[in-house]
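# Breakdown of the fold
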Amino acid sequence: MVELTKRTDLALECRENTGCGEIEGVTVSEREFDGGRLTEINVLSDEGGKKLGKPKGRYITMETDGFPEGDGLFCDATDELTECLLSLVPDRGTVLVAGLGNTDITPDALGPKCSSLIFSTRHIDGETAKALSLPPLRNVCAVSPGVTGQTGIETLEIIAGICDRVKPCCVICVDALAAGSVKRLAKTVQISSSGIEPGSGVNNARRAVTRETLGVPVIGIGVPTVVDAASLVSDIAGDRVKKDGEYDHLVVTPGNIDVVISSASRFLALAVNRALQRGLTPEELLNVM
């Protein structure tokens, strides 16, 4: 028997996997709210990032009992997620929202589903907004670049090309993630300032979408929709399991993943829309989603 290293995209789980308390160059704060818990991990140094297994940046993890639907969207969890986004998004400038993933694979469809619900406003000029009795709107555009297997183009290349034309002040990337523990599957949101690495959750990592590769801040938002089979067995049988490469390519997703993707995408989209369009009420934004 050898100890298994769980594969995860969550900074919170990376910290747990280190098996130690404080890490030099890494700060952690936690607080609870009605319906969940927020944990913020700040990786302040390269050395701290190396020990944690994450690049420098802020990682905010929201843990809930599940994603609300309908009128339940007007809740503390949505308020908290909106505030987390506001702490990372620049106050002014055009924002590009990129929904990463493959719509043909349900556990990977979170990004495109969320992107389709973003209130895109870059094409609405001032006169049109005035005629429609709309408040001043922030310029927002949304795109679903697909995956390299479909397009033959790296996700980074597509987003970089759009950035060259649109000149956004930041990019928000929404993507499905992998969890190391079943208890966080489809019940967790991670927001990070370090960008995102498409496909990393299923061992198919592509070129990272980050501030370094795009030249503007990149905010990553994700929900874990899969857990690898070895991690699942570890959760059930204990932390020490037989390591077997034959099962490294197997991942598990909830049986109701279609429902999870639908509710999670609406939850994330409402929070993003609220953070970007402060002049509209949550109810008004929900009506245009």
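Residues numbered from 1 in each chain as written. Predicted model: local features only at pLDDT ≥ 70, side-chain atom pairs only at ≥ 80, totals over all residues. Heavy atoms only, no water.

### Remarks on the nonpolar core
Within the largest apolar cluster, 48 residues are counted, with the highest numbers of intra-cluster contacts made by V189, I191, I221 and L268. By residue number, the principal contributor to this core is helix α10 (residues 257–276), which donates twelve residues. Residues contacting I221, with those up to four places away along its chain left out, are L85, I172, C173, V174, D175, V189, Q190, I191, I196, L268 and V272. Counting 19 residues, the second-largest nonpolar core is a separate cluster that includes C141, V209, L214 and V216. (Core = buried A, V, L, I, M, F, W, Y, C linked by side-chain atoms within 4.5 Å. Buried < 20%, exposed > 50% of the residue type's maximum accessible area, 1.4 Å probe, protein only. Helix = DSSP H or I, 4+ residues; strand = E, 2+ residues; numbered from the N terminus. Contact = heavy atoms within 4.5 Å.)

### Some details on the pairing of strand β3 (residues 36–43)
Burial of β3 is extensive: six of the eight residues sit out of reach of the surface. Note: strand β2 (residues 26–33) against β3, eight bridges, orientation antiparallel. Its bridge partner being in β3, S29 is matched across the sheet by E40. Here β2 folds back onto β3, and the loop between the two strands holds two residues, one of which, G35, carries a positive phi near 105°. Pairing of β3 with strand β4 (residues 57–64) involves eight bridges; the strand directions are antiparallel. Opposite T39, over in β4, you have T61 as the bridge partner. (Pairing = 2+ DSSP bridges.)

### Some thoughts on helix α1 (residues 11–18)
Those residues of α1 that fall on the buried side of the exposure criterion are A11, L12, E13 and C14. Buried residues along α1 sit against β3, α2 (46–52), β4, β7 (170–179) and β8 (188–192).

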